[in-house]
Amino acid sequence: MINRLILAILLFMGSLNLAKAQDPLILADTLLIAGDTIIMIGDSIIVKQKIKPIYWDKGGSFNLSIQQVSLSNWNAGGASNLAMNTGLVMFANYKKDKIIWDSKLTVNAGFNRQADRRFRTRKTNDNFIFITKYGRELTESWYLSTQIDARTQLLAGYRFFRPSGAELDSRNRISDFLAPAYIQSSTGLNYRKEYENKDRISLIASPFTGRFTVVLDDSLSNAGAFGVIPGERVRPEAGLSFGSTTDIGLMEDIRWRADLNLFTNFERLGNFVVNFNSVISMRVNKYITTRIETILIYDERVFIQQDTGPPRQAIQLQNMINFGLALDF
């Protein structure tokens, strides 16, 4: 009220000075609305607008890299080929008062096409990961959170091999969309820290975790693939889990993003299912970037077919280095 009174006095004194200088007099009108005074000069009204709070932080990134090799009468040997790798990351984070809700979707796909083989186009990268987490603040950095982690692939996966004595390759289907799919729900304590430079670290430990392995393909479920009981489509488990999300700047224009998920069944405590995804992005300019992507998976119930001998437990490892187009939005 005092500020409004001072402003009215200044306007009145200014009008007197204008009158003494024989300039046209500008009169200040006042409007009285619900007991508040709004000063109007001519057709303009002085109003102090409230700043609307922003609860959502949304965005994402898209990357694409393409490599082509074309050979004709090339004496050094080799084969013409085309390789493509693409990825999409989208996120939506909500924060209001003591409530947080973070969601992230990651989709990657890659292909390689070679001219001199039977199955020319082969998949090199294919994963679909959706993670959403809802939490309520307990202290400044600690939350009670529930997280859902869903992972699968989009296209059929094949193992390529050449039978003894054959001149052409053969293949058999070893996976497909929702075969497998892994859905994990966990509730526990979540440590969450955000920094002014947009670095983020989140850790969640859950003593109450449900994990479901889904195999919707009949031929794979009948074979007992991915640890399901032969003929069954879902294998439920209960256990403990630990998850972490890291998004930090290592140096200027270099960022490291990583997701780690560990799960151990109550029946076999200490035998962990491991899912680790890491991306190091080195930005050259606004549109060009180099990415080093690493995916590591281990599940003792998944047996990997070997080139020789029977299937056995093994660490699944994928490593890619891409140089190409990158767009942030």
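Residues numbered from 1 in each chain as written. Predicted model: local features only at pLDDT ≥ 70, side-chain atom pairs only at ≥ 80, totals over all residues. Heavy atoms only, no water.

Engineer: So what about the sheet that holds strand β7 (residues 121-137)? Which residues, and what values?
Structural biologist: Paired through backbone hydrogen bonds, the strands of a sheet run either parallel or antiparallel to each other. Strands sit in the order β4-β5-β6-β7-β8-β11-β12-β13-β14-β15-β16-β19 around a closed barrel of 12 strands; the barrel is antiparallel. With direction set aside, neighbouring strand axes in the sheet form an average angle of 20°. (Pairing = 2+ DSSP bridges. Helix = DSSP H or I, 4+ residues; strand = E, 2+ residues; numbered from the N terminus. Axes fitted to C-alpha atoms, helices over the stretch in contact; angles between N-to-C directions.)

Engineer: Lay out unusual backbone geometry in plain terms, naming residues and giving numbers.
Structural biologist: Looking along the chain, the bond that leaves Ala-179 and enters Pro-180 is cis, with omega of 10°. Take Pro-180: it is sitting in the loop between β10 (170-175) and β11 (181-194). Notably, Leu-178 is not glycine yet its phi reads approximately 60°, a positive angle. Position of Leu-178 relative to the elements: it lies in the loop between β10 and β11.

Engineer: Mind laying out the nonpolar core, listing which residues take part and the relevant values?
Structural biologist: The biggest cluster of nonpolar side chains holds 8 residues, and these are Ala-179, Tyr-182, Val-215, Leu-220, Ala-225, Phe-226, Val-228 and Val-302. Among residues more than four places away in sequence, those in contact with Ala-179 are Thr-152, Val-214, Val-215, Leu-216, Asp-217, Leu-220 and Phe-226. (Core = buried A, V, L, I, M, F, W, Y, C linked by side-chain atoms within 4.5 Å. Buried < 20%, exposed > 50% of the residue type's maximum accessible area, 1.4 Å probe, protein only. Contact = heavy atoms within 4.5 Å.)

Engineer: Account for the packing of aromatic side chains, with residues named and values stated.
Structural biologist: Inspection of the entire model under this criterion finds 6 aromatic pairs. Between Tyr-55 and Tyr-94 the ring centres are 6.2 Å apart and the planes differ by 50°, which places this aromatic pair in the tilted class. Residue Tyr-55 is located in the loop between β3 (44-45) and β4 (56-69), and its partner Tyr-94 is located in strand β5 (residues 81-96); the two are separated by 39 residues in the primary sequence. Cluster of aromatic residues (ring-pair linked, three or more members): Tyr-55, Trp-56, Tyr-94 and Trp-101. Just above the ring of Trp-56 sits the side chain of Lys-58; from NZ or CZ to the centre is 5.3 Å. Looking at Arg-122, its charged tip hangs above the ring of Phe-160, at a distance of 4.0 Å from the centre. (Phe/Tyr/Trp six-rings, centres within 6.5 Å; stacked < 30°, edge-to-face > 60°. Lys NZ or Arg CZ within 6 Å of the ring centre and 35° of its normal.)

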